[in-house]
Amino acid sequence: MRRRILRSMLTVLMLTTVVLGIPLTYTAWLWVEDITRNDLRGRLEQISTEVIGQERGTGVVRGGLDLRTVGPLVPAGGRLTIVYPSPEDNAAKVEIGAVAVDDPLVESLSMGTEGSLRLEVPATPMKARQRQAVAGVGLAVALSLGAAITVAIVTARRVADPIRDVAARAARLTMGDFRADPRRHGIEELDRVSDVLDSATVEIAGRLQREHALVADVSHQLRSRLTAVRLRLDELSAHSDPAVVHEADEAMAQVDRLTEAIDDLVRASRHEDATDRDPVPVMDELRGIVAEWTPPFREAGRTLSLTGDESLRAPITGSRLREAVTVLVDNALMHGGGTCIVSVRTVRPGRDRDPLVCVQVADEGDGVSDELAPHIFDRGFSGAGSTGVGLALARALIEADGGRLELQRRRPALFAVFLGKPLAARMESRRVGEPR
C-alpha cells in the first residue's frame, strides 16, 4: 500500500517537474538574453544622443565626431560602427573597438537622417550567464523536488501505516483474536472502520460463545440419545438368533463410530487451526470409511476401493477429513455409477509451488451436468431433490483446515480434496529453515 501511494505521488511530482521545469528553464535562458540586449540597446541610445548632439553642435564638416565621449560606452571586446552623413561622400563610417568580434551578438539603432549605429559584442559572456541561470533553475527545481519527495514519503507513511494496522487487526479478527484495540490514527474514515471492528469483535465473540454453547448442548443430547440406543442394542446382543446378534453388533459399532465422530467434531470446533498440528496418516483415516461403505456398494452391485501411498501424512483434523470424504462417497453411491475409487497421492498445483496431498473420489457414472456444476457447492442447491447441504458442508470442513475441495472433472465425476504439504516436504522445509 505504501509503495503504491508513494509511486503515484512521485509520478505526479515528476510530471509536474517536467511540465513546469522545461518552460521555466527556457524562460530563464531567454530572460538572460533579453537583459543583455536591453543593455546593448541602452548603450546605443546613449551613443546616439552623443552623436546627434555633436553633429548639430559642431557639424561634421568642420571637425568630425569626438570619439572620446563615445568610446567608454562600447563594452570590452565589442565593436561600434557609426554611419553618419558627410558632405564629401554623403556618408562617413567610424569603427570603434575590436577589429573583429567572434560569435557576435548584434544590436542596431537608426538615427534617421543623422545616421545609424551598429554595436557588436561577444556572445560568450551572455551564454555563460545563461548557463548559470539554467543551473540556478535546475537547483531550485531539484530542491523543490527533494522537498516534495520528503513530503510524499511522510504522507504515504501517514496514510499507509494506519491502513496496514487496520488490515492487520481485521486479519487477527479472522484468526479468532477478539481483543479490543483502542488505537486511533486521526483519520476519520479509518477511525470509523476501527469503531466498526470493535463492534464486530464484540458481536462475533458473543455469537461464537453462543454457538459453542449450542454445540456442547447438542453434542450432549446426541450422546445421551446414542447411549440409549446402544443400551437397547446391547440387549439385542443377548438374543438367541445369531443373525440378530450380528446385526446388533454392527449397529453398536456404527453407534460407537458416530459417537467418536461427534466428539472429534466438537473438539475440532474449539480448535479451528490445524496447520500446527502433527500430520496424520491419510490412508488410515480413510480406511474405516471405505470399510463402512463397502457393503452398501456391494448391495448396489458396485465396487468401492481405496488406493494410495500409505506413507503420506498431512496436517489435518481427522474427523473433518472423514466427514468430508464420507459425503463424497455417499454422493458417488447415490448419483454415480460403476466402480468408485478413493485414491491418495501427491500433486503439484504449479511449477513453482510445493506438492500437496490430494484425496480423489471418482466414479464411472454420468457425472455432473453443465447446469449443476457451477452451483454444486452452494448450500441449499441440489439437482436431485436432496437437501443440498452435503457438499457445502464438506467444503467448509476441508477449508477449516486450510485445504480446499474442488470438482476437477465433470464427466465422469472426479472430486479432489487438497490437504497441504506432505510430511516429507514439511520436514525438509524445516531443515532448510533451521540455523546451522
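Source: prediction; values computed, not measured.

With that settled, the discussion passes to the overall build of the protein. For the protein, the helix and strand inventory stands at eight helices and 11 strands. Carbon and sulfur atoms form 57% of the exposed surface of the protein, whose accessible area is close to 26100 Å².

Our next topic: the nonpolar core. Counting 38 residues, the largest nonpolar core has V282, L286, V359 and L419 as its most contacted members. Counting only elements with at least two residues in this core, the list comes to α5 (282-299), α6 (318-335), β8 (340-347), β9 (356-362), α7 (390-400) and β11 (414-420). Broken down by element, this core gets its largest block of residues, eight residues, from α6. Those residues in contact with L286, other than ones at most four positions away along the chain, are L306, L321, V325, V342, V344 and V359. Membership of the second largest hydrophobic core comes to 23 residues, among which are V70, L105, L119 and V121.

Turning to the side chain of D363, a few remarks are in order. Looking at the secondary structure, you find D363 in the loop between β9 and α7. Buried charged residue D363 carries no salt bridge. Nearest counter-charge: R302, at 5.2 Å. Here G365 takes part through its backbone nitrogen, which lies 2.8 Å from a polar atom of the side chain of D363. Ignoring sequence-local partners within four residues, the contact set of D363 consists of R302, A332, G336, G337, T339, C340, P412 and A413.

One pass over the full model with this rule turns up one aromatic pair. Measuring from centroid to centroid gives 6.2 Å for F377 and F415, while their planes differ by 90 degrees, and the two rings are edge-to-face. Here the residue F377 occupies a position in the loop between β9 and α7, and F415 occupies one in strand β11, the gap between them amounting to 38 residues. Lying over the aromatic face of F377, R395 brings its terminal NZ or CZ to 3.9 Å of the ring centre. Over the ring of F418 we find R404, and its NZ or CZ is 4.2 Å from the ring centre.

What the five strands build is an open sheet, ordered β6-β8-β9-β11-β10; its pairing is mixed. Only two strands of the sheet have a single partner each, and these edge strands are β6 (304-308) and β10 (404-409). Here the average twist between neighbouring strands, direction ignored, is 20 degrees. Looking at chain direction, β9 and β11 are connected through six bridges and run antiparallel. Looking across to β11, one finds that V359 is bridged to V417. On top of the sheet, α5 reaches β6, β8, β9 and β11; it is set at about 165 degrees to β6, its chief contact.

Evaluation of the coordinates by the stated rule reveals 14 salt bridges. The salt bridge partner of E120 is R118, with a shortest N-O separation of 3.0 Å. Residue classification places R118 among the partly exposed positions, given a relative accessible area of 36%. A network of salt bridges, in which partner residues are shared, links E33, R37, R41 and E107.

The next point concerns the pairing of β10. Pairing geometry for β10 and β11, over five bridges, is antiparallel. Looking across to β11, one finds that L407 is bridged to F415. Counting the residues between successive antiparallel strands, the hairpin from β10 to β11 contains four residues.

Let's shift gears to the environment of P122. Looking at where P122 falls in the secondary structure, it is placed in strand β4 (residues 116-122). When its relative accessible area of 25% is taken as the criterion, P122 is described as partly exposed. Note: C-alpha distance between P122 and V101 (21 residues apart in sequence) is 6.1 Å. Setting aside anything within four residues of it in sequence, one finds P122 in contact with A76, G77, G78, V101, D102 and D103.

Before going further, it helps to examine the confidence of the model for the protein. Mean pLDDT over the protein stands at 80; residues scoring 70 or higher make up 86%. Predicted confidence in the protein is weakest over helix α8 (residues 423-433), with a mean pLDDT of 44, and strongest over β6, with 95. In this model residues 59-63 is a low-confidence stretch, pLDDT under 50, and it forms nine contacts with partners more than four residues away in sequence or in other chains. Note on residues 424-436: pLDDT under 50 across the span, and seven contacts to partners over four residues away in sequence or across chains.

Attention now goes to a nonpolar patch on the surface. Together, Y26, W29 and L30 make up an exposed nonpolar region whose accessible area comes to about 300 Å². For W29, a relative accessible area of 33% gives the class partly exposed.

This paragraph deals with the side chain of R302. Among the secondary structure elements, R302 is positioned in the loop between α5 and β6. Side-chain polar atoms of R302 contact the backbone oxygen of G338, separated by 2.8 Å. Once residues lying within four places of it in the same chain are set aside, the contact partners of R302 are F297, A332, L333, G336, G337, G338, C340 and D363.

Attention now goes to the environment of D181. Along the chain, the position of D181 falls in the loop between α2 (124-174) and α3 (188-236). As for D181 and V166, which are separated by 15 residues in sequence, their C-alpha atoms are 9.8 Å apart. For D181, the residues in contact, after removing those within four places along its chain, are R169, R172 and D198.

Cut-offs applied
- Residues numbered from 1 in each chain as written.
- Predicted model: local features only at pLDDT ≥ 70, side-chain atom pairs only at ≥ 80, totals over all residues.
- Heavy atoms only, no water.
- Helix = DSSP H or I, 4+ residues; strand = E, 2+ residues; numbered from the N terminus.
- Areas by Shrake-Rupley, 256 points an atom, 1.4 Å probe, with all protein chains shown as cover.
- Core = buried A, V, L, I, M, F, W, Y, C linked by side-chain atoms within 4.5 Å.
- Buried < 20%, exposed > 50% of the residue type's maximum accessible area, 1.4 Å probe, protein only.
- Contact = heavy atoms within 4.5 Å.
- Lys, Arg positive; Asp, Glu negative; His and termini not counted.
- Salt bridge = Lys/Arg side-chain N within 4 Å of Asp/Glu carboxyl O.
- Polar contact = N/O pair within 3.5 Å; in protein donor to acceptor, adjacent residues only side chain to side chain.
- Phe/Tyr/Trp six-rings, centres within 6.5 Å; stacked < 30°, edge-to-face > 60°.
- Lys NZ or Arg CZ within 6 Å of the ring centre and 35° of its normal.
- Pairing = 2+ DSSP bridges.
- Axes fitted to C-alpha atoms, helices over the stretch in contact; angles between N-to-C directions.
- pLDDT = per-residue confidence, 0-100.
- Patch = residues over 30% accessible without salt bridge, like charges linked within 9 Å, V, L, I, M, F, W, Y side chains within 5 Å.

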